[in-house]
Amino acid sequence: MSSAAKKASVDDLLAGLNEPQSQAVQTPSGPLLVLAGAGSGKTRVLTHRVAFLIAAQGVRPQEILAITFTNKAADEMKERIETLVGPVARTMWISTFHSACARILRKEAQQLGYRRNFTIYDAPDQLRVVKRCLKDLGIDDKRFPPKGIHAVISSAKNRLVDAEAFAGMVDDFFDDTVARVYSLYQEKLFANNAMDFDDLLMRAVSLFQLLPERLDYWRSAFRHILVDEYQDTNHAQCVLVNLLGKEHRNVCVVGDDDQSIYSWRGAEVRNILDFRSDYPEATIIKLEQNYRSTQTILTAANHVVSNNPGRMQKNLWTDLGQGEKIVMAEVDDEHAEARFVAGEVARLQQEDGCKPRDMAVFYRVNAQSRVLEDLFVRYGISYRVVGGTKFYERAEIKDALAYLLVIDNPSDSISFNRVVNVPKRGIGAASLASLTRFADAEGLSLTEAAARAGEISDLRPAGEKALAGFSGLIEELAATAASSPVAETLDQVLNSSGYIASLQAERTIEAEGRIENLMELVGVAEEYGRRQPDGSLREFLQEISLYTDVDKLTEQSETVTLMTLHNAKGLEFPVVFIIGAEEGVFPHSRAIEEQNLEEERRLCYVGMTRARQRLYFTYTTSRNLYGARSYNLASRFLAEIPDDLIDFRPMAGPARAGYGKTGARPSPYLGKDISGDVPPDLARPGRDEAAAFFHPGDRVAHAVFGGGVVTAVERGGTVAVRFEDGSERKLMVEYAPLRKVSA
DNA sequence: GAACGCCGTGTTTTT
DNA sequence: CACGGCGTTC
């Protein structure tokens, strides 16, 4: 490449960047912290910085390790870098922490006593192992719920506390039990030549800690490390970055403390706040210009999040103009909510020329999508749900994959048990018990034991025959796998096992759906074969096991997108609806109980800042939740948005007296310890708070008397209000359906 | 050995 | 409400 061409391309890389962005791209090697507010061009900076390192600093692509939060983000980044630097981009490591660790561990497995064909267990698999442990240890799974146990184990792993260390710091009975399970759980994973998600991180760390020589190797392999969404890294990930990066110190992390929303799975905002102490000489750059949202949306989001203490100060601004006000719609119940959203989706298409793909609906929990989906189907609005029951967690998909997993890793007993009698081939609990006993006695895997079914004395002839048949099937499939593309192996799995046939025999709609899903899986395998002609079954399985639904989210044109607020991270849409903005839903009741409102607020901030032009909030006065009707307050977050940014749409029909039907937008939230279960009345400002809450001059609204202005605040929780109809009334704040509209 | 149905229970977010 | 676990029945 001539130097002129090179220079031109470097100029290109910097063209169109604002000052701080350009600085972040050009800052020479060494630690760099980029605090990137929502929509401030973070991805742009990352991709351009990588390109800059390659084009201007002479860094070789394969020396770069770039970590993203999802596989989708990784793919996008790869693509964008490729357009900047060309096909060499393909030699870079751009992936999630988990994928990167898995890749490293494939090469290093033997160092840890694993074989390189280890299986990665997903959440349901992990739970199954926990359950088995509880059973083996004779622990009552009523008193020790597997999910809870697993959560504790997972959190320990994220803090790099292994089973032994955990046992050493136990200080109550529950943890003591967990410690025993943890230890057995690890044994079982190891015996199955399997790792869970957390192991990928923890084992990578221990590899590096145990074997300095391997650390040296990987350290010099990745001379430059870049980490996106650093605010959502956990301790293990942070340690990993430091192990690899602390020596050469070419560590660039990008993130936004206001967007940390994964503390429940071990993420520690502290990591980004502490970057300066880990790397005192770090350059720190703030990106504060937002290129995504209108000023209205931005101001509103800033107001909300500024209620959180201890933030890194940021001042997001935009020059995109004020734009539309934020619509806040009060509706009867979840059905009215769905109707409202569907109505607006239709209207925006007709009147504003919005495309369905421009619109997204965010909710707090997956269950909320149901009602919406029902109505969308009836309205003929096509939509897609991101997340929820994930494609790769569907039973039929997991069954098919379990066959492949057993073929690839015969030690994997979870997968073995999953498929040994699916479809039914007469291998029941009794036969399996014999098989397991035999395997344990002989020190064999279940697959190996099945191959020697004839030697199992207490097996009934029918069971023996069935097991031998299954064993033969697996061997046959393994032979195919050894010499054929993945898609072909999969096809044979589905047919030779009789899996498809048994579904066809069901003759139900669900079974047809399952077959379609399986065909889609075959499609995925074919696609893989095209992309990676030399790809192995193992690599295919690894890719799949770390793949989530968000990763699949491609720009399909004519559908509205439905997803949880968590899944919305990193995305943007011209129009965003945030539904269920109610106390107990969002913020979630459990977050209220656990006093973790700051994270909920950040979640709100993330949701709001996804919107480019229009932002809607909806809240219901009554909602069916878990089979029972509940009456919730409007979310406190709504009250944190300034009035002049809001287009309030009270419930249709005459305003009715009573809680939540005031026709006034929700007032600033006063209650401090109000959980979703507290009767609504208690959530109203009490007598003592009245004086602090209302001030003369406040604009208020009354459910019956309409709008007015506070003229006086009296003792005993009484305020005087002059209403728009000219009347003046004294009202008991404690009981009157009175809402503050603005101060 | 499999299928059905009952009951109790637990409900956030996910790499 | 929805699912998993467990007992009953064929």
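Residues numbered from 1 in each chain as written. Chains lettered and ligands numbered in written order. Predicted model: local features only at pLDDT ≥ 70, side-chain atom pairs only at ≥ 80, totals over all residues. Heavy atoms only, no water.

**As for the packing of aromatic side chains**
Counting across every chain of the model gives 20 aromatic pairs. Residues Phe376 and Tyr383 carry aromatic rings whose centres are separated by 6.0 Å and whose planes lie at 65° to one another, so their mutual orientation is edge-to-face. Residue class for Phe376 comes out buried when judged on its relative accessible area of 0%. With relative accessibility at 23%, the residue Tyr383 sits in the partly exposed group. Relative to Phe470, the ring of Phe416 has its centre 5.5 Å away and its plane inclined at 85°; by these criteria the two rings are edge-to-face. Of this pair, Phe416 sits in helix α19 (residues 413-419) while Phe470 sits in helix α22 (residues 461-483); the two residues are 54 residues apart in sequence, bridging distant segments of the chain. Among the aromatic side chains, those forming a connected cluster through ring pairs are Trp93, Tyr217, Trp218 and Phe222. The positively charged end of Arg265 is found above the aromatic ring belonging to Tyr262, 4.2 Å away from the centroid. Against the face of Phe69 rests Lys569, its NZ or CZ located 3.9 Å from the ring centre. (Phe/Tyr/Trp six-rings, centres within 6.5 Å; stacked < 30°, edge-to-face > 60°. Buried < 20%, exposed > 50% of the residue type's maximum accessible area, 1.4 Å probe, protein only. Helix = DSSP H or I, 4+ residues; strand = E, 2+ residues; numbered from the N terminus. Lys NZ or Arg CZ within 6 Å of the ring centre and 35° of its normal.)

**Observations concerning the packing of helix α7 (residues 146-158) against helix α9 (residues 173-191)**
One way to put it is that α7 packs onto α9 with a least axis distance of 10 Å and a crossing angle of 75°. Taken together, the axis directions place α7 and α9 in an arrangement best described as roughly perpendicular. Facing α7, whose interface residues are Ile149, His150, Val152, Ile153, Ala156 and Lys157, α9 presents Phe174, Asp175, Val178, Val181, Tyr182, Tyr185, Gln186 and Leu189. Considered class by class, the residues forming the contact of α7 with α9 number 10 nonpolar, 2 polar and 2 charged. (Axes fitted to C-alpha atoms, helices over the stretch in contact; angles between N-to-C directions. Parallel < 35°, antiparallel > 145°, perpendicular 65-115°, else oblique. Contact = heavy atoms within 4.5 Å. Nonpolar A, V, L, I, M, F, W, Y, C, P; charged D, E, K, R; others polar.)

**Digging into the environment of Ser496**
Within the fold, Ser496 resides in helix α23 (residues 486-496). Take Ser496: its relative accessible area is 35%, and that puts it in the partly exposed class. Residues Ser496 and Leu473, 23 residues apart in the sequence, show an inter-C-alpha distance of 7.5 Å.

**A word on the confidence of the model for chain A**
Scored by pLDDT, chain A has a mean of 85; 87% of the residues are at 70 or more. Considering only residues more than four positions removed or in separate chains, one finds that residues 654-663, a stretch of pLDDT under 50, has 27 contacts. (pLDDT = per-residue confidence, 0-100.)

**Observations regarding the side chain of Asp122**
Along the chain, the position of Asp122 falls in the loop between β4 (119-121) and α6 (123-137). Owing to a relative accessible area of 12%, Asp122 belongs among the buried residues under this scheme. Residues contacting Asp122, with those up to four places away along its chain left out, are Phe197, Glu393 and Lys398.

**What about the pattern of salt bridges?**
The full count for this structure, using the stated rule, is 50 salt bridges. A salt bridge links Glu63 to Arg60; its shortest N-O distance comes to 3.1 Å. Across the pair Arg530 and Glu527 runs a salt bridge whose closest N-O atoms are separated by 3.7 Å. Of this pair, Arg530 and Glu527 both sit in helix α25 (residues 509-531), 3 residues apart, roughly one helical turn. Under the relative-accessibility criterion, Glu527 is labelled partly exposed at 35%. Linked by salt bridges that have partners in common, Lys42, Asp228, Glu229, Asp232 and Lys569 make up one network. (Salt bridge = Lys/Arg side-chain N within 4 Å of Asp/Glu carboxyl O.)

**Thoughts on the side chain of Thr177**
The topology assignment puts Thr177 in helix α9. We classify Thr177 as buried; its relative accessible area is 1%. Thr177 has contacts with Ile139 and Phe144, leaving out every residue within four places of it along the chain.

**Here we look at the sheet that holds strand β17 (residues 646-649)**
Sheet strands line up and pair through hydrogen bonds in the backbone, either parallel or antiparallel. What the 7 strands build is an open sheet, ordered β11-β12-β10-β13-β14-β9-β17; its pairing is parallel. Every interior strand has two partners, whereas the edge strands, β11 (383-385) and β17, have only one. Strand after strand, the sheet turns through a mean of 20° between neighbouring axes, direction not considered. Here 4 bridges tie strand β10 (residues 359-363) to strand β13 (residues 573-578), and the two strands are oriented parallel to one another. If you follow Ala360 over to β13, its bridge partner there is Val576. The strands touched by helix α16 (residues 334-352) within the sheet are β9 (326-331), β10, β12 (560-564), β13, β14 (611-620) and β17, with β14 carrying the most contacts at an inclination of about 155°. (Pairing = 2+ DSSP bridges.)

**Notes on the packing of helix α5 (residues 97-108) against helix α12 (residues 235-245)**
At a minimum axis separation of 12 Å, α5 and α12 run at an interaxial angle of 60°. Looking at the two axes, α5 sits oblique to α12. Remark: the crossing between α5 and α12 carries left-handed chirality. Seen from α5, the contacting residues are Phe97, His98 and Cys101; seen from α12, they are Gln237, Leu240 and Val241. A class-by-class count of the residues in the contact of α5 with α12 yields 4 nonpolar, 2 polar and no charged. (Left-handed = near helix turned anticlockwise from the far one by under 90°.)

**Considering the environment of Tyr121**
For Tyr121, the location among the structural elements is in strand β4. On the basis of relative accessibility, which here comes to 0%, the residue Tyr121 falls in the buried class. Remark: the alpha-carbon pair of Tyr121 and Ser415, spanning 294 residues in sequence, is separated by 9.5 Å. In this view, Tyr121 contacts Gln126, Val129, Leu189, Asn192, Ala194, Met195, Asp196, Phe197, Asp412, Ser413 and Ile414; residues no more than four positions away in its chain are not counted.

**Considerations on α23**
Buried within α23 we find Val486, Ala487, Thr489, Leu490, Gln492, Val493 and Leu494. In the core, the buried residues of α23 are packed alongside α18 (395-408), α22, α24 (499-506), α25 and α26 (537-545). Remark: Gly498 follows α23 within two positions and exhibits a positive phi of approximately 80°.

**Quick look at the sheet that holds strand β1 (residues 32-36)**
Within the open sheet, the 6 strands sit side by side as β3-β2-β6-β7-β1-β8. Their pairing is parallel. Edge strands, defined here as strands with exactly one partner in the open sheet, are β3 (93-96) and β8 (283-287). Within this sheet the neighbouring strands show an average axis-to-axis angle of 15°, counted without direction. Here β1 pairs with strand β7 (residues 251-255) via 4 bridges, running parallel.

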